[in-house]
Amino acid sequence: MRKKIIAGNWKMNKTIEEAIELANGLKLDLADCKDVDVVLCPPFTALKSVSDIVSETQIAVGSQNMSSEDEGAYTGEICHTMLKEIFVRYVILGHSERRQYYKENDFWINKKVVKALEKNLRPILCVGETLEDRESGSTEKVVEVQVREGLKDVAAESYTELVIAYEPVWAIGTGKVATAQQAQDVHAFIRGVVKDMVGAEAADAVRIQYGGSMKPDNAVELLGQPDIDGGLIGGAALDATSFAGIVKAAM
Ligand code: PGA
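K.L.:
Just checking my understanding: could you explain unusual backbone geometry for this structure?
P.N.:
Among all residues except glycine, the phi angle is most often negative; among peptide bonds, the trans geometry is most common. A positive phi is found at Lys-14, a non-glycine position, where the angle reads about 85°. Position of Lys-14 among the secondary structure elements: in the loop between strand 1 (5-9) and helix 1 (16-30). The partly exposed category is assigned to Lys-14, whose relative accessible area is 23%. Positive phi outside glycine occurs at Asn-120, with the angle close to 60°. Counting through the fold element by element, Asn-120 comes out in the loop between helix 5 (106-118) and strand 5 (122-127).

K.L.:
Where do I start with the state of the cysteines in this structure?
P.N.:
Linking two cysteines covalently via their sulfur atoms produces the bond known as a disulfide. According to the stated counting rule, one finds 0 disulfides in the structure shown. Between Cys-126, a cysteine without a disulfide, and Cys-41, which holds the nearest cysteine sulfur, the sulfur-to-sulfur distance is 9.3 Å. The exposure class assigned to Cys-126 is buried, which follows from its relative accessible area of 2%.

K.L.:
Sorry, what's going on with the site of the ligand here?
P.N.:
Lining the immediate surroundings of the ligand are 13 residues, of which Lys-11, His-95, Glu-167, Gly-173 and Ser-213 lie closest. Here an oxygen atom of the ligand sits 2.9 Å away from a polar atom, N or O, in the main chain of Gly-234. At 2.8 Å from an oxygen atom of the ligand is found a main-chain nitrogen or oxygen belonging to Gly-235. For the shell around the ligand, the class distribution of residues is 4 nonpolar, 7 polar and 2 charged.

K.L.:
Sorry, what's going on with the pairing of strand 3 (residues 60-63) here?
P.N.:
Side-chain direction in a regular strand flips from residue to residue, so the side chains alternate between the two faces of the sheet. With burial as the criterion, each face of strand 3 is covered, one bearing Ala-60 and Gly-62 and the other bearing Val-61 and Ser-63. Across 2 bridges, strand 2 (residues 37-41) lies against strand 3 in parallel orientation. Bridge pairing links Val-39 to Ala-60 in strand 3. Taken together, strand 2, helix 2 (residues 44-53) and strand 3 form a β-α-β motif whose crossover is right-handed.

K.L.:
What exactly am I supposed to notice about the sheet that holds strand 8 (residues 230-233) here?
P.N.:
Hydrogen bonding along the main chain pairs the strands of a sheet, whether they run parallel or antiparallel. Taken in spatial order, the 8 strands line up as 1-2-3-4-5-6-7-8 and close into a barrel, and their pairing is parallel. Pairwise comparison of adjacent strand axes, ignoring direction, gives a mean angle of 25° for this sheet.

K.L.:
Explain the pattern of salt bridges here, please?
P.N.:
A side chain of one charge can pair with a side chain of the opposite charge when the charged atoms of the two come close. Counted according to the given criterion, the structure contains 18 salt bridges. The shortest N-O distance in the salt bridge between Lys-115 and Glu-118 comes to 3.7 Å. Note that Lys-115 and Glu-118 are positioned in helix 5 at a spacing of 3 residues, about one turn of the helix. What makes Lys-115 buried here is its relative accessible area of 11%. Note that Arg-148 and Glu-144 form a salt bridge whose closest N and O atoms lie 2.8 Å from each other. Within this pair, Arg-148 and its partner Glu-144 are both found in helix 7 (residues 139-150), separated by 4 residues, close to a single helical turn. By relative accessible area, Arg-148 is classed as partly exposed at 29%.

K.L.:
Looking at this model, I keep getting lost on the packing of helix 7 against helix 8 (residues 180-198). Mind explaining?
P.N.:
Packed helices, taken two at a time, are described by the angle between their axes plus the distance between the axes. It is at 10 Å that the axes of helix 7 and helix 8 come closest, and there the two elements cross at 45°. Relative to helix 8, the element helix 7 lies oblique. For the pair helix 7 and helix 8, the crossing hand works out as right-handed. Of helix 8, the residues touching helix 7 (which contributes Thr-139, Glu-140, Val-143, Glu-144, Val-147 and Arg-148) are Val-186, Phe-189, Ile-190, Val-193, Val-194, Asp-196 and Met-197. Taken together, the residues of the contact of helix 7 with helix 8 break down into 8 nonpolar, 1 polar and 4 charged.

Parameters and conventions
Numbering of residues starts from 1 in each chain and follows the order in which that chain's sequence is written. In keeping with the predicted nature of the model, local features appear solely for residues at pLDDT of at least 70, side-chain atom pairs appear and are counted solely at 80 or more, and the whole-chain, interface and lining totals rest on all residues. For side-chain calculations, the full set of non-hydrogen atoms in the structure is used, while hydrogens and water are omitted. Secondary structure counts use DSSP, requiring at least four H or I residues in a row for a helix and at least two E residues in a row for a strand, with both numbered from the N terminus. The buried label goes to any residue with under 20% of its type's maximum accessible area, the exposed label to any with over 50%, and the partly exposed label to all in between, with areas taken from a 1.4 Å probe on protein chains only. Cysteine sulfur atoms are paired as a disulfide whenever they come within 2.5 Å of each other. Think of it this way: one heavy atom of a residue within 4 Å of a molecule or strand is enough to make that residue near it. Whenever two N or O atoms come within 3.5 Å, that pair is a polar contact, provided that in protein one can donate a hydrogen and the other can accept it, and provided that, for residues adjacent in sequence, both atoms are side-chain atoms. Each residue receives one of three labels: charged for Asp, Glu, Lys and Arg, nonpolar for Ala, Val, Leu, Ile, Met, Phe, Trp, Tyr, Cys and Pro, and polar for the others, Gly being one of them. By the convention used here, strands pair only if DSSP detects at least 2 bridges between them. Every crossover in which the path from the first strand over the helix to the second runs clockwise, viewed with the strands pointing away from the viewer, is termed right-handed. For helices, the fitted line uses only the C-alpha atoms of the stretch in contact; every axis is such a line through C-alpha atoms, and the angle between N-to-C directions lies from 0 to 180 degrees. Any Lys or Arg side-chain nitrogen found within 4 Å of a carboxyl oxygen on Asp or Glu counts as a salt bridge. For this classification, under 35 degrees means roughly parallel, over 145 means roughly antiparallel, 65 to 115 means roughly perpendicular, and everything else is oblique. In this scheme, a crossing is called left-handed if the near helix is turned counterclockwise away from the far one by less than a right angle; it is called right-handed if the turn is clockwise. Any two residues whose heavy atoms approach within 4.5 Å are treated as being in contact.

Structure, rendered in structure tokens:
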């Protein structure tokens, strides 16, 4: 039985002061929640403050990106050592906004995934098709390439540590949520690709989150699907009541 995982991707939102307020609110609401893995992913500047607030709770902290390199002359980058120093456990990698606006490609995303696993950080690898891909019938093809390339050279044993987030780009921040059936179909497809890559045991163990306009009122149906193991939440993660509502829907 796969444990559900709900992660809040705060993107480029929240000052340190605002992040502290949100994390304190969630700590009150969710500190005892043992049945669901909860991850907060604030911007880099607020990671340490949020990490301190949730340090003695079940809530984990994640970053929204990570360098594939260990240290050195990489202006603007943050490496695994810096994240682990402040008890970050998860890293979101290959989010569609990074692919789209910063031209991150599968090659570099894979290097980051491999580095994160090597350093005992848990990657949340994001994959998903654009509206154009979906309308031209290429959803499976696009998602398959992102999964195969993003997880290249990852050993079967590591699939219990990593998370795949299926996020149809057309559903992110648009209010246009995929139907539960549309999402389930792609999740089952991704699990099949993983099975083909590394075997049935890893495919059965890997957690696949849905992301894209998930809210408390659509979370129950989405999370009720057999291959949907959680959510990666953007907009609704910026408000304690909404985010806590989604976590409770996962219980
Ligand atoms: P959204 O974002 O919930 O605002 O659609 C999800 C994401 O981009 O991770």
